[in-house]
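Residue-level listing of the chains:
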Amino acid sequence: MKTLYETLGGTYREENGRLIPEMKLPEQTNYQIGKYGQFYLDYIKNHRHGRYTTLLTEGKLNARLHEIDLEANEMLETIIPRLATERSIDEDLKARDMLRWVSETNNIKASAEEIVLREVVYV
């Protein structure tokens, strides 16, 4: 008599007198994952374990990490220039006061990254 697993096409292998189901995860994409994809991976592993398991077992984890990374970087590319314009951080300031320009630019990058982490990565 076949088990439901066998009826659905599953197979077993014998190991130490026990039958172990032979399971393979589906093939996944192999994108290079950047900073924000890695942050998202760490977040779902530690705080959204069900989501992590689902993406992994459906073979969609790598693709989702890649999507998150792309979305986060695109968002940064839009936010940083907008914040710089709003705060009048431009080439004129760079020429007049280099230290202030560097400080303000770093502040803008940190602010933009906080927004991206909150709206894209940690959701």
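Just above sits the structure.
Calculation notes
- Residues numbered from 1 in each chain as written.
- Predicted model: local features only at pLDDT ≥ 70, side-chain atom pairs only at ≥ 80, totals over all residues.
- Heavy atoms only, no water.
- Helix = DSSP H or I, 4+ residues; strand = E, 2+ residues; numbered from the N terminus.
- Buried < 20%, exposed > 50% of the residue type's maximum accessible area, 1.4 Å probe, protein only.
- Contact = heavy atoms within 4.5 Å.
- Areas by Shrake-Rupley, 256 points an atom, 1.4 Å probe, with all protein chains shown as cover.
- Lys, Arg positive; Asp, Glu negative; His and termini not counted.
- Charge placed at Lys NZ, Arg CZ, Asp CG, Glu CD.
- Axes fitted to C-alpha atoms, helices over the stretch in contact; angles between N-to-C directions.
- Nonpolar A, V, L, I, M, F, W, Y, C, P; charged D, E, K, R; others polar.
- Expected span 1.5 Å × (residues − 1).
- Arc of directions from axis to C-beta.
- Pairing = 2+ DSSP bridges.
- Salt bridge = Lys/Arg side-chain N within 4 Å of Asp/Glu carboxyl O.
- Core = buried A, V, L, I, M, F, W, Y, C linked by side-chain atoms within 4.5 Å.

Visitor: How should the overall build of the chain be read in this particular structure?
Guide: When helices and strands are counted, the chain shows six helices and two strands. Each helix and strand of the chain, ordered N terminal to C terminal, gives the series α-β-β-α-α-α-α-α. On the principal axes, the C-alpha backbone points of the chain span a range of 85 × 20 × 20 Å. Buried residues in the chain amount to 28% of all 123 residues. Sequence-distant contacts, at least 24 apart, represent 65% of the contacts inside the chain between residues at least 6 apart. When the accessible surface of the chain is totalled, it reaches about 9000 Å², and 51% of it is carbon and sulfur. Mean positive and mean negative side-chain charge positions of the chain (17 and 21 charges, respectively) differ by 3 Å.

Visitor: Would you take a moment to explain the packing of helix H2 (residues 35-47) against helix H3 (residues 49-57) for this structure?
Guide: Geometry of a packed helix pair, given as the angle between the helix axes and the separation of the axes. Interhelical geometry of H2 versus H3 gives an angle of 115° and a closest axis separation of 5 Å. Residue-level contacts link Tyr40, Leu41, Ile44, Lys45 and His47 of H2 to His49, Arg51, Tyr52 and Leu55 of H3. Of the residues contributing to the contact of H2 with H3, the split by class is five nonpolar, two polar and two charged.

Visitor: Looking at this structure, I do not really get H2. What am I missing?
Guide: An α-helical segment advances 3.6 residues per turn. Residues three or four places apart therefore align on the same side. End to end, H2 covers 18 Å across 13 residues, agreeing with the expected 18 Å (1.5 Å per residue, within 8%). Those residues of H2 lying buried are Tyr36, Gly37, Tyr40, Leu41, Tyr43 and Ile44. One face of H2 carries all of its buried residues, which in axial projection span an arc of 165°. Packed against the buried residues of H2 are H3, helix H4 (61-86) and helix H6 (98-121).

Visitor: Got a minute to help me understand the pairing of strand S2 (residues 18-21) in this structure?
Guide: Side-chain direction in a regular strand flips from residue to residue, so the side chains alternate between the two faces of the sheet. Relative to S2, strand S1 (residues 12-15) runs antiparallel, the two being bridged by four bridges. Directly across from Arg13, in S2, lies its bridge partner Ile20. Counting the residues between successive antiparallel strands, the hairpin from S1 to S2 contains two residues, one of them, Asn16, with a positive phi of roughly 55°.

Visitor: Help me out: how do you make sense of the pattern of salt bridges in this one?
Guide: Where charged atoms from two side chains of opposite charge approach closely, those side chains can pair. For the structure on display, the rule yields six salt bridges. The shortest N-O distance in the salt bridge between Arg13 and Glu15 comes to 3.2 Å. For Arg13, a relative accessible area of 36% translates into the label partly exposed. In this structure Glu15 comes out as partly exposed when scored by relative accessible area, which is 39%. In this structure, Glu58 engages Lys60 in a salt bridge whose closest nitrogen and oxygen atoms are separated by 3.6 Å. Owing to a relative accessible area of 42%, Glu58 belongs among the partly exposed residues under this scheme.

Visitor: I would appreciate a short explanation of the nonpolar core in the present structure.
Guide: Where a protein is soluble and globular, its nonpolar side chains tend to be buried together. By size, the foremost hydrophobic cluster in this structure holds 27 residues, and its most contacted members are Tyr36, Ile44, Leu61, Ile79 and Val116. Counting residues per element, the ones that place at least two in this core are H2, H3, H4 and H6. If one sorts the elements of this core by residue count, H4 sits on top with nine residues.

The values are spatial; any link to function lies outside them.
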